[in-house]
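Residues per chain, in single letters:
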Amino acid sequence: MDTQPLWLTFKLASITTLILFVLALPLAYLLAFGRFRGRVLVEAVIGMPLVLPPSVLGFYLLLAFSPSYSFGAWIEATFGLRLVFSFPGLVVASIIYSLPFMVYPLQAGLQALPASLREASYTLGKSRWTTFYKVLLPNCKSAILSALVLTFAHTVGEFGVVLMIGGNIPGVTKVASVAIYNEVEALNYTAANQYALVLFVITFIVLLIVYSVNNRLLRVRYPA
């Protein structure tokens with residue numbers, strides 16, 4: 001079994017998860033506590049990947065990223081970066097596709113906290129940023145862990161979007177899900193099973209760890 005698609009998959013998932021965590025924190029805070037016009041529109045845009053077929057999203061991202069169109073041409077001319085059939089393109093597409101899996105758990109975790117935490121912090125003269133960073137986030141460990149794991153696991157399992165954007169270039173865009181598809185098409189079920197089994201076992205272990213940690217955090221917060 002060629003391990004390169006597996007390493008590429010976990011590299012993509014790790015980079016996507018880290019970038020999304022940074023981007024999603026202020027967005028989750030805004031959605032949890034902000035009141036602004038266009039809120040419904042923002043929520044709808046974030047939630048689109050949950051209901052939109054991956055092939056549809058991948059098709060429009062392919063058009064947008066293509067240097068034949070204005071956005072893709074601008075990206076290439078400004079940054080010297082081609083997003084179609086490249087690893088950076090996979091990262092950008094994965095960030096868009098996995099966005100709700102990072103934002104929504106963080107938003108739910110923030111909204112579940114008692115309002116008295118924020119009010120007490122404001123009363124003590126702490127700024128919104130200090131309150132968010134030093135008061136709210138430390139009390140959202142379970143939500144943060146869930147968001148990180150869901151985003152990582154979702155990126156690992158991507159197929160339609162990464163195939164549309166990246167194609168099937170060995171060592172560049174050929175991730176494990178694409179490798180499984182190729183092996184099944186070639187009727188090489190043994191190799192397909194090897195890739196699938198690795199992803200299955202790793203995903204199961206990660207989820208097992210997450211549920212164990214979450215249960216431990218709940219027992220600490222709400223002792224019997």
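Residues numbered from 1 in each chain as written. Predicted model: local features only at pLDDT ≥ 70, side-chain atom pairs only at ≥ 80, totals over all residues. Heavy atoms only, no water.

### Some remarks on the overall build of the protein chain
Part 1 of the reasoning: A count of helices and strands for the protein chain gives 11 helices and 0 strands.
Part 2 of the reasoning: Every one of the 224 residues in the protein chain was classed for burial, and the buried ones make up 40%.
Part 3 of the reasoning: Here the contacts in the protein chain between residues at least 6 apart in sequence split such that 73% fall between residues at least 24 apart.
Part 4 of the reasoning: Distance between charge centroids for the protein chain: 20 Å, based on 14 positive and 7 negative side chains. (Helix = DSSP H or I, 4+ residues; strand = E, 2+ residues; numbered from the N terminus. Buried < 20%, exposed > 50% of the residue type's maximum accessible area, 1.4 Å probe, protein only. Contact = heavy atoms within 4.5 Å. Lys, Arg positive; Asp, Glu negative; His and termini not counted. Charge placed at Lys NZ, Arg CZ, Asp CG, Glu CD.)

### Comments concerning the nonpolar core
One recurring pattern in soluble globular proteins is that nonpolar side chains are buried together.
Part 1 of the reasoning: Membership of the largest hydrophobic core comes to 41 residues, with the highest contact counts inside it found for Leu 106 and Leu 110.
Part 2 of the reasoning: Of all elements in the fold, only helix H1 (4–33), helix H3 (54–65), helix H5 (87–112), helix H7 (128–136), helix H8 (141–156) and helix H9 (160–166) reach the threshold of two or more residues within this core.
Part 3 of the reasoning: For this core, the element with the highest residue contribution is H5, accounting for 11 residues.
Part 4 of the reasoning: Those residues within four positions of Leu 106 in sequence are excluded, and the remaining contacts are Ala 24, Leu 25, Ala 28, Ala 143, Ile 144 and Ala 147.
Part 5 of the reasoning: If you look at the next biggest cluster of nonpolar residues, it comprises 10 residues, including Ala 13, Ile 180, Tyr 195 and Leu 199. (Core = buried A, V, L, I, M, F, W, Y, C linked by side-chain atoms within 4.5 Å.)

### Topic: the UniProt feature "transmembrane region" (unreviewed entry) in the protein chain
Part 1 of the reasoning: According to UniProt, the feature "transmembrane region" (unreviewed entry) maps to residues 12–33, 40–63, 83–104 and 195–213 in the numbering used here.
Part 2 of the reasoning: Taken end to end, residues 12–33 is 100% helix and 0% strand, and its first and last C-alpha atoms sit 31 Å apart. (UniProt positions renumbered as here; feature names shortened; annotations may be inferred.)

### Considering the packing of aromatic side chains
Part 1 of the reasoning: Under the criterion given, the structure shown has 10 aromatic pairs.
Part 2 of the reasoning: Ring geometry for Phe 71 versus Trp 74: centroids 6.4 Å apart, planes at 35 degrees, classification tilted. Residue Phe 71 and its partner Trp 74 are both found in helix H4 (residues 70–79); the two are separated by 3 residues, about one turn of the helix.
Part 3 of the reasoning: By relative accessible area, Phe 71 is classed as partly exposed at 40%.
Part 4 of the reasoning: Note on Trp 74: relative accessible area 45%, which makes it partly exposed.
Part 5 of the reasoning: When the ring of Phe 159 is compared with that of Tyr 181, the centres are 5.2 Å apart and the planes differ by 50 degrees; the resulting orientation is tilted. Here Phe 159, found in the loop between H8 and H9, pairs with Tyr 181, found in helix H10 (residues 176–185); they are 22 residues apart in sequence, far enough to count as distant.
Part 6 of the reasoning: The exposure class of Phe 159 is partly exposed, given its relative accessible area of 29%. (Phe/Tyr/Trp six-rings, centres within 6.5 Å; stacked < 30°, edge-to-face > 60°.)

### Notes on the UniProt feature "domain: ABC transmembrane type-1" (unreviewed entry) in the protein chain
Part 1 of the reasoning: Here, the residues flagged by UniProt with the feature "domain: ABC transmembrane type-1" (unreviewed entry) are residues 6–210.
Part 2 of the reasoning: As a span, residues 6–210 carries 79% helix and 0% strand, and end to end its C-alpha atoms are 22 Å apart.

### Description of a nonpolar patch on the surface
Part 1 of the reasoning: Taken together, the side chains of Leu 197, Phe 200, Val 201, Phe 204, Ile 205, Leu 208, Ile 209 and Val 213 present a nonpolar region at the surface, about 750 Å² in accessible area.
Part 2 of the reasoning: Relative to the helices and strands, Ile 209 resides in helix H11 (residues 189–221). (Patch = residues over 30% accessible without salt bridge, like charges linked within 9 Å, V, L, I, M, F, W, Y side chains within 5 Å. Areas by Shrake-Rupley, 256 points an atom, 1.4 Å probe, with all protein chains shown as cover. Salt bridge = Lys/Arg side-chain N within 4 Å of Asp/Glu carboxyl O.)

### Remarks on unusual backbone geometry
Part 1 of the reasoning: Even without a glycine there, the phi angle at Phe 85 is positive, about 55 degrees.
Part 2 of the reasoning: As for its position among the elements, Phe 85 is in the loop between H4 and H5.
Part 3 of the reasoning: Taking the relative accessible area as the measure of exposure, Phe 85 reaches 45% and is therefore partly exposed.
Part 4 of the reasoning: One non-glycine residue, Leu 187, lies in positive phi territory at about 60 degrees.

### Digging into the pattern of salt bridges
Part 1 of the reasoning: Summed over all chains, the structure comprises 2 salt bridges.
Part 2 of the reasoning: Taking the shortest distance from any N to any O, the salt bridge between Glu 43 and Arg 39 comes out at 3.5 Å. Here Glu 43 pairs with Arg 39, and both are found in helix H2 (residues 39–51), just 4 residues apart, close to one helical turn.
Part 3 of the reasoning: On the accessibility criterion, Arg 39 (18% relative accessible area) is buried.
Part 4 of the reasoning: In this structure, the salt-bridge partner of Glu 76 is Arg 82, at a minimum N-O distance of 3.2 Å.

### Some details on the environment of Asn 215
Part 1 of the reasoning: Residue position: Asn 215 is located in helix H11.
Part 2 of the reasoning: A residue is classified by how much of its surface remains accessible, and Asn 215, at 41% relative accessible area, is partly exposed.
Part 3 of the reasoning: Along the chain, Asn 215 and Trp 7 lie 208 residues apart, while their C-alpha atoms are 30 Å from each other.

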